[in-house]
Amino acid sequence: YSTTMFELLKALFESAETLDNQEMVSSDELQLAAAALLVEAASVDGDFDTLERQSIHTIMETHFNLSVGETKTLVEQAELAVEKSGQLFGFTRVVKDRYDDGDRIKMIEMLWEVAYADGFLDPTEDMLIRRVAGLIHVEDKHRMQAKNNILGKQIKLENFTFFHSKTVYSEP
């Protein structure tokens, strides 16, 4: 990442403040905005735990095809951005402007994945995802569909784990 954190934050908020700015948002800014929203979802309940952090890393590596090192740097930058910004608008603006409908729904799905990473949905996480969905223009039905997709994946994983963790004892 050749751009400094300060430059990325500055560009992110300048583009949010300048409504007639038609320049394309750089890939780094989009990645930072997405990561910042995921960090916000993980930390909004006051407990940014290891499972949530691991979930963010996996999502960012997979979704943006990043290396482990790039992901680590990006998540650290996102944590600083969330800490310094105090608002969602700059991040959601980048996602709304850059992503098409399907990608915005995928962003909501990623938020649900992080929110459920610790096995529990805190009401503040639910409220945050509702708010982000509204700001990036994802309809309620798509938000709920994204949530159900994640819950369906978790149930399949739990059943797989349960099935494969059974030990069969046999008498000699």
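Preceding this paragraph is the structure being described.
1. As for helix α6 (residues 101-115)
In a regular helix each residue adds 1.5 Å, so 15 residues correspond to 21 Å; α6 covers 21 Å between its end C-alpha atoms and thus fits that length. What α6 keeps buried is the set Arg 104, Met 107, Ile 108, Glu 109, Met 110, Leu 111, Trp 112, Val 114 and Ala 115. The N-cap residue of α6 is Asp 100: its side-chain oxygen and the backbone nitrogen of Gly 102 are 3.1 Å apart.

2. Quick notes on the nonpolar core
Counting 43 residues, the largest nonpolar core has Leu 38, Met 60, Met 107, Ile 108 and Leu 111 as the members making the most contacts within it. For this core, the elements supplying multiple residues, two or more each, are α2 (27-43), α3 (50-64), α4 (68-85), α5 (89-98), α6, α7 (123-135) and α8 (140-165). Among all residues touching Ile 108, those that are not within four sequence positions of it are Ile 129, Val 132, Ala 133, Ile 136, Val 138, Arg 143 and Ala 146.

3. What to know about unusual backbone geometry
Unusually for a residue other than glycine, Asn 65 sits at a positive phi of about 55 degrees. If you trace the backbone, Asn 65 turns up in the loop between α3 and α4. Non-glycine residue His 137 carries a positive phi angle of around 65 degrees. Tracing the chain through its elements places His 137 in the loop between α7 and α8.

Parameters and conventions
- Residues numbered from 1 in each chain as written.
- Predicted model: local features only at pLDDT ≥ 70, side-chain atom pairs only at ≥ 80, totals over all residues.
- Heavy atoms only, no water.
- Helix = DSSP H or I, 4+ residues; strand = E, 2+ residues; numbered from the N terminus.
- Expected span 1.5 Å × (residues − 1).
- Buried < 20%, exposed > 50% of the residue type's maximum accessible area, 1.4 Å probe, protein only.
- Polar contact = N/O pair within 3.5 Å; in protein donor to acceptor, adjacent residues only side chain to side chain.
- Core = buried A, V, L, I, M, F, W, Y, C linked by side-chain atoms within 4.5 Å.
- Contact = heavy atoms within 4.5 Å.

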